[in-house]
Amino acid sequence: MPPGGSGVRAEQIATLDRLAHELFISPEIGRLLERLAPWEDAQEYDSDEASLVRVTRRDWEKARQVPAELRAEMSRASSLALPVWAKARETSDFASFLPVLRANLELRRRYVECFDGYDEPYDVLLDDFERGTTTAEVRIVFERLKTEQVPLATAAARNGDRPARDRPYPLEAQRRFELQVLERFGFDRSEWRLDSTVHPFASSLGTDDIRLTTRYHEDNLDGLFATMHECGHGLYENGVSSALERTPLARGTSLGLHESQSRLWENLVGRSLPFWRYFFPRLRECFPEALADVELEDWYRSVNWVAPSLIRVEADEATYNLHVILRFELEQELLMDTVDLAELPEIWNDRMRSYVGVEPPNDRLGVLQDMHWAGGHIGYFSTYALGNVISAQIWEKVSAEIPDLHDQFEQGEFGELRAWLGERLYRHGRKFTPKETLERVVGGPIDPDPYLRYLRTKLATLT
Ligand code: ZN
């Protein structure tokens, strides 16, 4: 869409959103759900049918608290804010973003007021992305991560130049190599697409229609990790049982679980030594010039380079969660209206210095870097770190059940891992809540220890 189309598009989306919302929250849907209740009770809890009615009822009960007008206003404000943010970010001009941020926050406060029975206002927003998870629960996990990760990241931080960067990596060869990796992961050209964009994302229009976008840099291969990340999202959607197609259950159960899959394929697989034992010779074939003097061990160090950095999406595994925790804490204050919005860039920069150890030189590399607040997605960020935590929990479980997983990676085999995840997680779609799902996959609740164990072990291999 040309940038000038965004005004009309905002109105169109708001109209569609309002109509869909009105239809869904109508009393007729309530009556139908009511009539289904006895039948639902007669079905097994785990059955597709009972799950469909249960999840739809839960969605309906939450949605009907929100007037259609407010829903439309939120949608319109987000669509209008996005291009304002994009321009403000480009010119590093926070002041021009301030009015739309204020409007989005005001609408979120009105949204929270539609509900009652929560412990903290932020719970309502978090629940939209991670159903049933409270701010207090997340806070416990994040406090632990913060306490452990700040010193870990400081100790592991490296000086000097990262190997194999700032060299020419022809874009066509990058795409060729990425497709080799993706096809090993399960990318099938008859059901998947890979295209380039400014901000990588994955979307699915059905379990057999998976669309990934990524971005390429000409002087490094960081784009590959964004591609593996989006592929992880795609594998989850692609793995949902086709019996759930065209129902509200036909997607991942929450953003945290979704992110556990993107991070698992990006990091636990894609930044592991066994993975590169198989792929590094192939990478070298694609980039004979750039990698002529680079050995496997240098490359492994390069893709796991720990250094404090400004941009969340490019952060290493030791500092990534700290970027998220900063946003999680700040969002609660923004919602409570306890920070002066005009001072937000300064507050951001101060906290970056104390959490991550760097100070942004401008707002483009600081408070304006993410699109979430412009898109109205307040409460979203924490799911990124929850995803990291869950990815390591799942990893411990699958590693125990398939002890030769790393040998398989060295042979370029990822099918057994994908099948395990498909059986335990992907096929269920949204049938179970995030907590139920995690319990079924790993046998317990969210726990930061596996991630911290993984991180310590990994960092020890890099010294
Ligand atoms: Zn993601």
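Residues numbered from 1 in each chain as written. Predicted model: local features only at pLDDT ≥ 70, side-chain atom pairs only at ≥ 80, totals over all residues. Heavy atoms only, no water.

Engineer: What exactly am I supposed to notice about the overall build of the protein chain here?
Structural biologist: Tallying secondary structure elements over the protein chain gives 19 helices and three strands in all. The principal-axis extent of the C-alpha atoms belonging to the protein chain is close to 70 × 55 × 45 Å. Here the analysis covers contacts within the protein chain between residues at least 6 apart in sequence; of these, 73% occur between residues at least 24 apart. Working note: accessible area of the protein chain is about 20,600 Å², and carbon and sulfur atoms make up 51% of it. If you average the places of the 56 positive and of the 79 negative side-chain charges in the protein chain, the two averages end up 1 Å apart. (Helix = DSSP H or I, 4+ residues; strand = E, 2+ residues; numbered from the N terminus. Contact = heavy atoms within 4.5 Å. Areas by Shrake-Rupley, 256 points an atom, 1.4 Å probe, with all protein chains shown as cover. Lys, Arg positive; Asp, Glu negative; His and termini not counted. Charge placed at Lys NZ, Arg CZ, Asp CG, Glu CD.)

Engineer: I'm lost on the sheet that holds strand E3 (residues 209-214) in this one. Help?
Structural biologist: Strand pairs in the sheet, formed through backbone hydrogen bonds, run parallel or antiparallel to each other. Within the open sheet, the three strands sit side by side as E1-E3-E2. Their pairing is mixed. On the outer flanks of this sheet lie strand E1 (192-196) and strand E2 (202-206), each paired with one strand and no other. Neighbour-to-neighbour, the strand axes of this sheet turn through a mean angle of 20 degrees, independent of strand direction. Along the sheet face, helix H8 (residues 171-185) touches E1 and E3 and points at about 150 degrees away from the line of E1. This element, helix H9 (residues 222-239), spans E1, E2 and E3 of the sheet and lies at about 165 degrees to E3. (Pairing = 2+ DSSP bridges. Axes fitted to C-alpha atoms, helices over the stretch in contact; angles between N-to-C directions.)

Engineer: Please explain the coordination of the zinc ion as it appears in this structure.
Structural biologist: A metal bound by six donors in octahedral fashion has ideal angles of 90 or 180 degrees, whereas one bound by four tetrahedral donors has an ideal angle of 109.5 degrees. Coordination sphere of the zinc ion, protein contribution only: His-229 (NE2), His-233 (NE2) and Glu-259 (OE), at 2.1 to 2.3 Å. Each donor residue of the zinc ion lies on one chain, and together they are spaced H-x3-H-x25-E. Here His-233 and His-229 lie together in helix H9, a separation of four residues that amounts to about one turn. For His-229, a relative accessible area of 11% translates into the label buried. For His-233, a relative accessible area of 13% translates into the label buried. (Donors = N, O, S within 2.8 Å, 3.2 Å for Na, K, Ca; no water. Buried < 20%, exposed > 50% of the residue type's maximum accessible area, 1.4 Å probe, protein only.)

Engineer: Explain empty space enclosed by the protein to me, please; I cannot follow it from the model alone.
Structural biologist: Gaps left between atoms are located by rolling a probe of water-molecule size over the structure's atoms. Tallying each qualifying case throughout the model produces three cavities of 30 Å³ or more. The space that makes up the largest cavity amounts to roughly 60 Å³. Along its surface, the largest cavity is lined by Arg-162, Pro-163, Ala-164, Arg-165, Tyr-169, Asn-220, Leu-221, Asp-222, Phe-225, Trp-299, Ser-302 and Val-303. Counting residues per element, the ones that place at least two in the lining of the largest cavity are H9 and helix H12 (296-303). For the lining of the largest cavity, the element with the most residues is H12, which contributes three residues. (1 Å grid on protein atoms, 1.4 Å probe; cavity = no way out; pocket = protein on both sides within 12 Å on 5 of 7 lines; lining within 4 Å. Points joined across faces, edges and corners; volume = space filled by probe spheres on them.)

Engineer: Sorry if this is basic, but what is going on with the packing of aromatic side chains here?
Structural biologist: Centre distance and the angle of the planes are the two values used to describe a pair of aromatic rings. Taken as a whole, this structure holds 28 aromatic pairs when the rule is applied. Judged by centre distance (6.2 Å) and plane angle (85 degrees), the ring pair of Trp-373 and Phe-381 falls under edge-to-face. For Phe-381, a relative accessible area of 1% puts it in the buried group. Its guanidinium or amino end placed over the ring of Tyr-384, Arg-312 lies 4.4 Å from that ring's centre, counting from NZ or CZ. Positioned above the aromatic ring of Phe-432, the side-chain terminus of Arg-440 is 3.7 Å from the ring centre. (Phe/Tyr/Trp six-rings, centres within 6.5 Å; stacked < 30°, edge-to-face > 60°. Lys NZ or Arg CZ within 6 Å of the ring centre and 35° of its normal.)

Engineer: For this particular structure, what's the right way to read the environment of Glu-130?
Structural biologist: Along the chain, the position of Glu-130 falls in the loop between helix H6 (121-129) and helix H7 (135-156). Along the chain, Glu-130 and Leu-283 lie 153 residues apart, while their C-alpha atoms are 38 Å from each other. When residues no more than four places from it in sequence are discounted, the contact partners of Glu-130 are Ser-254, Leu-255, Gly-256, Leu-257, Thr-383, Leu-386 and Pro-434.

Engineer: What is the right way to read the layout of surface pockets from this model?
Structural biologist: As a volume, the second largest pocket reaches approximately 300 Å³. As for the second largest pocket, its lining consists of 17 residues, and the residues nearest its centre are Trp-395, His-406, Tyr-454, Thr-457 and Lys-458. Breaking the lining of the second largest pocket down by element, the ones donating at least two residues are helix H10 (255-269), helix H11 (273-286), helix H15 (382-401) and helix H19 (449-461). No other element matches the six residues that H19 contributes to the lining of the second largest pocket. Grouping the constituent residues of the lining of the second largest pocket by class yields eight nonpolar, five polar and four charged. (Nonpolar A, V, L, I, M, F, W, Y, C, P; charged D, E, K, R; others polar.)

Engineer: Looking at this model, I keep getting lost on H6. Mind explaining?
Structural biologist: Note on helix geometry: an α-helix contains 3.6 residues per turn, so any two residues three or four positions apart are oriented the same way. Across the nine residues of H6, seven count as buried, placing the element largely inside the fold. Within the span of H6, buried status applies to Tyr-122, Asp-123, Val-124, Leu-125, Leu-126, Asp-127 and Phe-129. Those residues of H6 that are buried lie in contact with helix H3 (48-63), helix H5 (94-113), H7, H10, helix H13 (320-336) and H15.

Engineer: Whenever I open this one, the domain arrangement of the protein chain confuses me. Can you help?
Structural biologist: Often, the extent of an interface is quoted as the loss of accessible area on bringing the components together. As far as domains go, the protein chain holds domain 1 (3-117) and domain 2 (135-462). Domain 1 and domain 2 are separated by 26 Å when their C-alpha centres are compared. Every contact between the two is made by 30 residues of domain 1 and, on the other side, 32 residues of domain 2. Taking both sides of the interface into account, the surface hidden between domain 1 and domain 2 amounts to around 2,800 Å²; carbon and sulfur atoms contribute 64%. Of all residues in domain 1, the largest losses of buried area upon contact with domain 2 belong to Trp-85, Arg-89 and Phe-94, amounting jointly to 23% of the total for that side. Viewed at the interface, domain 2 and domain 1 are joined by four salt bridges. Notably, a salt bridge pairs Arg-440 with Asp-46, separated by 3.0 Å at the nearest N-O pair. (Domains from an automatic or database assignment. Buried area = accessible area lost by both parts, 1.4 Å probe. Salt bridge = Lys/Arg side-chain N within 4 Å of Asp/Glu carboxyl O.)

Engineer: Looking at this structure, how should I read the side chain of Asp-363?
Structural biologist: Positionally, Asp-363 belongs in the loop between helix H14 (344-355) and H15. Comment: no salt bridge for buried Asp-363; closest opposite-charge side chain is Arg-364, at 10 Å. Not counting residues within four places of it along the chain, the set of residues in contact with Asp-363 comprises Ser-92, Phe-94, Pro-345, Leu-368 and Gln-369.

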